[in-house]
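Reading the structure
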Amino acid sequence: MQKQSAMLLVLLGGSCMSFVGLCMRLIEAADGFQILMYRSISLCAMVALVCCLRRHVSFGHFLRKLDRHDAAMGAMLSIAFATYVFSMLLTSVASTLFILTIAPFMAAIIGWIWIGEKPHPVTWLAMLGAIFGVGLMIGDGIEMGRTSGNLLALVSALCFAVMLVLARRSRKQDVLGGTFLGGVFALFIGFIASLVSGKGLQVTPHDLGIILFMGAFTIGIGIAFVTWGASYVPAAEVSLLVLIESVLGPIWPWLFLGEALSLMEIIGGVTVMLAVIMMTIFTRKALPSRSPQ
């Protein structure tokens, strides 16, 4: 694949993922665990389909090739998926997506401690800017009663960061196997929690349709496109391209549903994204050419 085509594929994948917030806002009655469970069904199906087609293997062969690295990534992703869903429910779409952009900084610290990848000096300066931006959003969330949602977004970012380091440590070409298992684990979490909470498994056809669409299109196809294109684009450039999710994500709920951004969300979000851009540009020569995603 030519690099330009691969970059467009990554942008397309990030754009697909940007619709998660809008889908979450269109759900009328389903709770977080029901969303997590049904979303995971279509997510697993789509990721498995794409992986089998891309690798030219059968579903049975795909399952047999899953290993402990995929299981570890899946465990982290299942927690990230769960906290991501509840963060979207408890705070604004903008805050969730902007806070999640701090994941590369968390990955840099974890990678340094765990696998000895010393961060570029610029990373520390960029990290201070990102922490400042996140602090503004969390402070704004406290005033607006959204503290728990913002904290869950931080937990989700941490789990995504651990997953990225696990992916780099495993040296796998992509994280589709880990994403599939993350969906499987999340499915069981949602299933058991829905039964235990007494909410049950029944959701309206309207909610079910949106949830299944969200799992297959916004996450399943989105992640598949990003990981596919990332194999042909330097990691630093992938990090910049996928920021389109955080840029477009808050726009759709505002455009279609009138969910406005607060001033602190805008300032904090822009600060975090500028920090990510600065880190990516200045560290691009220090990073390997293959994306950890």
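These notes cover the structure that comes with them. (Residues numbered from 1 in each chain as written. Predicted model: local features only at pLDDT ≥ 70, side-chain atom pairs only at ≥ 80, totals over all residues. Heavy atoms only, no water.)

**Details of the overall build of the protein chain**
Counting its regular elements, the protein chain contains 15 helices and zero strands. Over its C-alpha atoms, taken along the principal directions, the protein chain stretches across nearly 50 × 50 × 35 Å. Buried positions account for 53% of the 293 residues belonging to the protein chain. Residue pairs at least 24 apart in sequence account for 89% of intrachain contacts in the protein chain once pairs closer than 6 positions are excluded. Looking at the protein chain as shown, the accessible area adds up to about 12,900 Å², and 71% of this sits on carbon and sulfur atoms. Put simply, the protein chain has 18 plus and 13 minus side-chain charges, and the middle of one group is 14 Å from the middle of the other. (Helix = DSSP H or I, 4+ residues; strand = E, 2+ residues; numbered from the N terminus. Buried < 20%, exposed > 50% of the residue type's maximum accessible area, 1.4 Å probe, protein only. Contact = heavy atoms within 4.5 Å. Areas by Shrake-Rupley, 256 points an atom, 1.4 Å probe, with all protein chains shown as cover. Lys, Arg positive; Asp, Glu negative; His and termini not counted. Charge placed at Lys NZ, Arg CZ, Asp CG, Glu CD.)

**Remarks on unusual backbone geometry**
Unlike most non-glycine residues, His 56 shows phi in positive territory, near 55°. Within the secondary structure, His 56 sits in the loop between α3 (32-55) and α4 (59-64).

**Some points on the environment of Ile 210**
Along the chain, Ile 210 turns up in helix α11 (residues 205-230). Sequence spacing of Ile 210 and Cys 16 is 194 residues, and the spatial spacing of their C-alpha atoms is 14 Å.

**Looking at the nonpolar core**
Counting residues in hydrophobic clusters, the biggest one holds 77 residues, and the most contacted among them are Met 24, Ile 27, Ile 35, Phe 105 and Phe 180. Considering every element that reaches this core, the biggest residue donor is α3, with 10 residues. Contacts of Ile 35, omitting those with residues within four sequence positions, involve Met 24, Ile 27, Ala 30, Val 85, Leu 89, Ile 211 and Met 214. (Core = buried A, V, L, I, M, F, W, Y, C linked by side-chain atoms within 4.5 Å.)

**With respect to empty space enclosed by the protein**
One pass over the structure, following the stated rule, counts one cavity of 30 Å³ or more. The volume enclosed by the largest cavity comes to roughly 30 Å³. Lining the largest cavity, in full, are Ser 92, Val 93, Ala 94, Pro 250, Glu 259, Ala 260, Leu 261 and Glu 265. The residue inventory of the lining of the largest cavity, partitioned by class, reads five nonpolar, one polar and two charged. (1 Å grid on protein atoms, 1.4 Å probe; cavity = no way out; pocket = protein on both sides within 12 Å on 5 of 7 lines; lining within 4 Å. Points joined across faces, edges and corners; volume = space filled by probe spheres on them. Nonpolar A, V, L, I, M, F, W, Y, C, P; charged D, E, K, R; others polar.)

**Re a nonpolar patch on the surface**
On the surface, Leu 26, Val 247, Ile 251, Trp 254, Leu 255, Phe 256 and Leu 257 cluster together into a nonpolar patch covering about 650 Å² of accessible area. Broken down by element, the nonpolar patch gets its largest block of residues, five residues, from helix α14 (residues 251-257). Residue position: Trp 254 is located in helix α14. (Patch = residues over 30% accessible without salt bridge, like charges linked within 9 Å, V, L, I, M, F, W, Y side chains within 5 Å. Salt bridge = Lys/Arg side-chain N within 4 Å of Asp/Glu carboxyl O.)

**Considerations on the environment of Phe 188**
Within the element layout of this structure, Phe 188 appears in helix α10 (residues 176-197). In this structure the C-alpha to C-alpha distance between Phe 188 and Leu 128, which are 60 residues apart in sequence, comes to 38 Å.

**Side note on the packing of aromatic side chains**
Taken as a whole, this structure holds 10 aromatic pairs when the rule is applied. Centre to centre, the rings of Phe 62 and Phe 180 are 5.2 Å apart; their planes meet at 75°, and the pair counts as edge-to-face. Of the two residues, Phe 62 sits in helix α4 while Phe 180 sits in helix α10, which places them 118 residues apart along the sequence. Note on Phe 62: relative accessible area 2%, which makes it buried. By relative accessible area, Phe 180 is classed as buried at 8%. (Phe/Tyr/Trp six-rings, centres within 6.5 Å; stacked < 30°, edge-to-face > 60°.)

**Overview of the packing of helix α1 (residues 3-17) against α11**
Running from N to C, α1 and α11 point in directions that differ by 160°, and their axes come no closer than 7 Å. In terms of orientation, α1 lies roughly antiparallel with respect to α11. The interaxial crossing formed by α1 with α11 has left-handed handedness. Across from Ala 6, Leu 9, Val 10, Leu 12, Gly 13, Gly 14, Cys 16 and Met 17 in α1, the residues of α11 making contact are Phe 217, Thr 218, Ile 221, Gly 222, Ile 223, Phe 225, Val 226, Trp 228, Gly 229 and Ala 230. Taken together, the residues of the contact of α1 with α11 break down into 13 nonpolar, five polar and no charged. (Axes fitted to C-alpha atoms, helices over the stretch in contact; angles between N-to-C directions. Parallel < 35°, antiparallel > 145°, perpendicular 65-115°, else oblique. Left-handed = near helix turned anticlockwise from the far one by under 90°.)

**Focus: α1**
With 15 residues, α1 should reach 21 Å at 1.5 Å per residue; the first-to-last C-alpha distance of 21 Å fits that figure. For α1, the set of buried residues is Ala 6, Leu 9, Val 10, Gly 13, Gly 14, Ser 15, Cys 16 and Met 17. (Expected span 1.5 Å × (residues − 1).)

**Topic: α3**
Three- or four-residue spacings in an α-helix give side chains the same orientation, since the helix completes a turn every 3.6 residues. Look at α3: 33 Å from first C-alpha to last across 24 residues, which is about the 34 Å you get at 1.5 Å a residue. One or two positions beyond α3, positive phi appears at His 56, with a value near 55°.

**Observations concerning the pattern of salt bridges**
Counted according to the given criterion, the structure contains two salt bridges. Note that Arg 25 and Glu 259 form a salt bridge whose closest N and O atoms lie 2.6 Å from each other. Placement of the pair is Arg 25 in helix α2 (residues 20-26) and Glu 259 in the loop between α14 and α15 (263-283), with a sequence separation of 234 residues. Since its relative accessible area comes to 25%, Arg 25 is described here as partly exposed.

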